[in-house]
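Coordinates in review
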Amino acid sequence: MIPNGDAVLLFKFGEQRWMERLVAGEVSFSCPGNFVYQAKRTGNDVQGDIYDGIFARLEPDDPRIESMKNELGNDLEQIEDGDYIILRRRSAKLKPIFCMYSYTAGDILIDGSVDSSGYHNVRHDFDEKMYSGFSNSLEFRNVISEPYRFTQLTIQPKPFIEQFKKAMRYYGINYVMKQVNYELFGQNTFFIQPTERYDELFYKFPEYRYQYEARICLVNMKFTNIFQRKNIKMGALDPNDYRVTHTPLYLNSGIIAKGSEKQ
């Protein structure tokens, strides 16, 4: 049995040079501040997100705004958003983050509209933005140099996660690993209480739902600038645990549902 929230496959999209480093066992952490910068500088709102790391959108007269000013001081960033005020911690933009496309057992049930027992064939199509937004080389794949060639990794979750956890225990690094929530930010107003766990880093607006994102955050670390990276060596991936492709694909799978429980 696979719990609905567990990943059945992980995916990573990007240029071949970065995918080769991941296959070689290097997990490279960026930060939300870099994603904000990308969105503002390039207009790429697939890799970038100008609202990454926000924790609240409130009406201007909401008393929690003043409360956060007193509590967070200079760490508080206020952004005008029409009739609302968006709040973000500047420190949240410097937290090391690693992102992956996480396709879960629950996603399979949704894609297959599974509501009865028996065998079900399920197809999952990746949004075109996952290809165009993470590499511009698809149009020129016959002439682009190899390091910049578009690459999609398909990774078995269990061995990858176990290997990562082992490395983190070895280095003594604390982390939080969770699926991104796309529901809360669909409300007109919302508020996530700021804590040392930086829970707001696991929430995004509904328009990013197509990214099926899971994140790993090194909550006890903070970069000194948005261009810094943290590279963690965890050992090369077993060739049996991943596949490499250079063109768009779709996922086709079969499941057996028994009674009220799905496998």
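Structure: above.
Residues numbered from 1 in each chain as written. Predicted model: local features only at pLDDT ≥ 70, side-chain atom pairs only at ≥ 80, totals over all residues. Heavy atoms only, no water.

Let us look at the pairing of strand β1 (residues 7-15). The element β1 is extensively covered by neighbouring structure, given that seven of its nine residues are classed as buried. Where β1 meets strand β6 (residues 97-104), four bridges bridge the pair, whose relative direction is antiparallel. Of the residues in β6, the one forming a bridge with A7 is T104. Strand direction decides the pairing type here: β1 and strand β8 (residues 150-155), joined by six bridges, are antiparallel. Paired with E15 across the bridge in β8 is F150. (Buried < 20%, exposed > 50% of the residue type's maximum accessible area, 1.4 Å probe, protein only. Helix = DSSP H or I, 4+ residues; strand = E, 2+ residues; numbered from the N terminus. Pairing = 2+ DSSP bridges.)

Spatially, β4-β5-β3-β10 is the arrangement adopted by the four strands of the open sheet, whose pairing is antiparallel. Edge positions in the sheet fall to β4 (76-81) and β10 (190-191), since each has one partner strand and no second. Both strand β3 (residues 54-58) and β10 contribute to a ladder of two bridges, which runs antiparallel. Looking across to β10, one finds that A56 is bridged to F191. Those strands touched by helix α3 (residues 63-72) are β3, β4, β5 (84-89) and β10, and its axis lies near 150° from that of β4. (Contact = heavy atoms within 4.5 Å. Axes fitted to C-alpha atoms, helices over the stretch in contact; angles between N-to-C directions.)

The buried fraction of β5 is high, at five of six residues. The pairing of β3 with β5 spans four bridges and is classified as antiparallel. In the sheet register, L58 faces β5, and the bridge partner there is I85. Sheet topology places β4 next to β5; six bridges connect them, and they run antiparallel. Looking across to β5, one finds that E80 is bridged to I85. From the end of β4 to the start of β5, which pair antiparallel, there are two residues, and G82 there has a positive phi angle of about 65°.

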